[in-house]
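Chain residues, written in single-letter form:
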Amino acid sequence: MIDYSFSAYDLEYFLLIFTRVTCFVYIAPFLSMSNTPDRVKIGIGFFISVLLYQVLTPAEAVTYDTVTEYAIIVAKEAIAGLIIGFGANICMSVLNFAGHIADMETGLSMVTLMDPTSKENISITGAMYQYSFMLMLIASGMYRYLISALADSFVLIPVNGVVFNSESLLNSVMTFMSDYIVIGFRIILPIFASILLLNVVLGIMAKVSPQMNMFAIGMQLKILVGLCVIFFTVGMLPGAADFLFTEMKKMMVSFMGGLS
């Protein structure tokens, strides 16, 4: 006969694990998509918490005297889960930056569409990059790394062992801001270079044939060249995704270091 009995301490310890895992699920890439039902997110968080509870052994007992102290511990676990998930989620914002720059160069910056996952207006190229990289995230098994990193966070940061190192977290954000621009320009560098050469050619033609309306011709050529470059550089997206996923791993490790 299976014994389902458990103590109040076991329940309190499980709820702390469940809090960190659920907060991570609600903000991590792919898992946090708004078109995923909330019941599915809660179910994923619950079953991951059950598996982690079976293998985790508390380093020390979670002690508290009042309900307020326990609420503070719960809040610390929630913030830890949000920060770890945020470290992975902000890397996906590079795609919106790259798409915005690409649309500015090709003359499509006025065209936006509603992203059902974030419920925000994003550029067309940014949406293409976002869904392409999300597909590669699933195909490459990157989502398994996110879950394993969450599980490893309980080893590096035990339950009730969260320590907020503001200086380390700030340095992590500043490091990401520099990599943010570098990775974004690596993604759209072929488009940027092609449109730059096209602008040079149009400038020379404007001097040679001033009677031609280079403004009208340039807008059409920029869109045509931009779409052609995007089409012929699709094969380079896996390499760009590798840069992005490496940055995602680095940011998660960096943020976990700022919480330990």
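Everything below is about the structure shown above.
Please read these numbers as outputs of a predicted model, since none were measured by experiment. (Residues numbered from 1 in each chain as written. Predicted model: local features only at pLDDT ≥ 70, side-chain atom pairs only at ≥ 80, totals over all residues. Heavy atoms only, no water.)

Caption draft 1: Just the side chain of S172, in detail. Structurally, S172 can be placed in helix α7 (residues 166-208). By relative accessible area, which is 3% here, S172 ends up buried. Here S172 is in contact with M251, S254 and F255, once residues within four sequence places are set aside. (Helix = DSSP H or I, 4+ residues; strand = E, 2+ residues; numbered from the N terminus. Buried < 20%, exposed > 50% of the residue type's maximum accessible area, 1.4 Å probe, protein only. Contact = heavy atoms within 4.5 Å.)

Caption draft 2: Expanded view of a nonpolar patch on the surface. Taken together, the side chains of I181, F185, L189, F192, L196, V200, I204 and V208 make up a nonpolar region of the molecular surface, amounting to roughly 710 Å² of accessible area. Looking at where L196 falls in the secondary structure, it is placed in helix α7. We classify L196 as partly exposed; its relative accessible area is 47%. (Patch = residues over 30% accessible without salt bridge, like charges linked within 9 Å, V, L, I, M, F, W, Y side chains within 5 Å. Areas by Shrake-Rupley, 256 points an atom, 1.4 Å probe, with all protein chains shown as cover. Salt bridge = Lys/Arg side-chain N within 4 Å of Asp/Glu carboxyl O.)

Caption draft 3: Representation of the side chain of R20. With respect to the element layout, R20 can be found in helix α1 (residues 8-25). For R20, the side chain forms a polar contact with the side chain of E77, separated by 2.8 Å. Here I157 takes part through its backbone oxygen, which lies 3.1 Å from a polar atom of the side chain of R20. (Polar contact = N/O pair within 3.5 Å; in protein donor to acceptor, adjacent residues only side chain to side chain.)

Caption draft 4: Local environment of the packing of α1 against helix α2 (residues 38-55). Viewed as axis vectors pointing N to C, α1 and α2 meet at an angle of 130°, and their least axial separation amounts to 8 Å. The angle between α1 and α2 places the two elements in the oblique class. Between α1 and α2 lies a crossing of right-handed hand. Between α1 and α2, the residues in contact are D10, Y13, F14, I17, F18, V21, T22 and V25 and K41, I42, I44, G45, F46, I48, S49, V50, L52 and Y53, respectively. Across the contact of α1 with α2, the residue classes break down as 13 nonpolar, three polar and two charged. (Axes fitted to C-alpha atoms, helices over the stretch in contact; angles between N-to-C directions. Parallel < 35°, antiparallel > 145°, perpendicular 65-115°, else oblique. Left-handed = near helix turned anticlockwise from the far one by under 90°. Nonpolar A, V, L, I, M, F, W, Y, C, P; charged D, E, K, R; others polar.)

Caption draft 5: Seen up close, α2. Between its first and last C-alpha atoms α2 spans 26 Å; for 18 residues at 1.5 Å apiece the expected length is 26 Å, and the two agree. When we look at burial in α2, the residues that qualify are K41, G45, I48, S49 and L52. Each buried residue of α2 sits inside an arc of 105° when the element is viewed along its axis, so together they form one side. Exposed residues pointing more than 90 degrees away from the buried face of α2 are listed as R39, F47, L51 and Q54. Against α1 and α6 (142-156) lie the buried residues of α2. (Expected span 1.5 Å × (residues − 1). Arc of directions from axis to C-beta.)

Caption draft 6: Highlighting the pattern of salt bridges. Counted under the stated rule, the structure contains three salt bridges. Here E77 makes a salt bridge to R20, at a shortest N to O gap of 2.8 Å. Of this pair, E77 sits in helix α3 (residues 67-89) while R20 is found in helix α1, placing the two residues 57 residues apart along the sequence. Its relative accessible area of 0% is what places E77 among the buried residues. For K250, the salt bridge is made with E247, and the minimal N-O distance between the two is 3.4 Å. In this pair, K250 and E247 both sit in helix α9 (residues 237-257), three residues apart, roughly one turn of the helix. A relative accessible area of 43% means that K250 is categorised as partly exposed. Overlapping salt bridges, with partners in common, bring together D179, E247 and K250 in one network.

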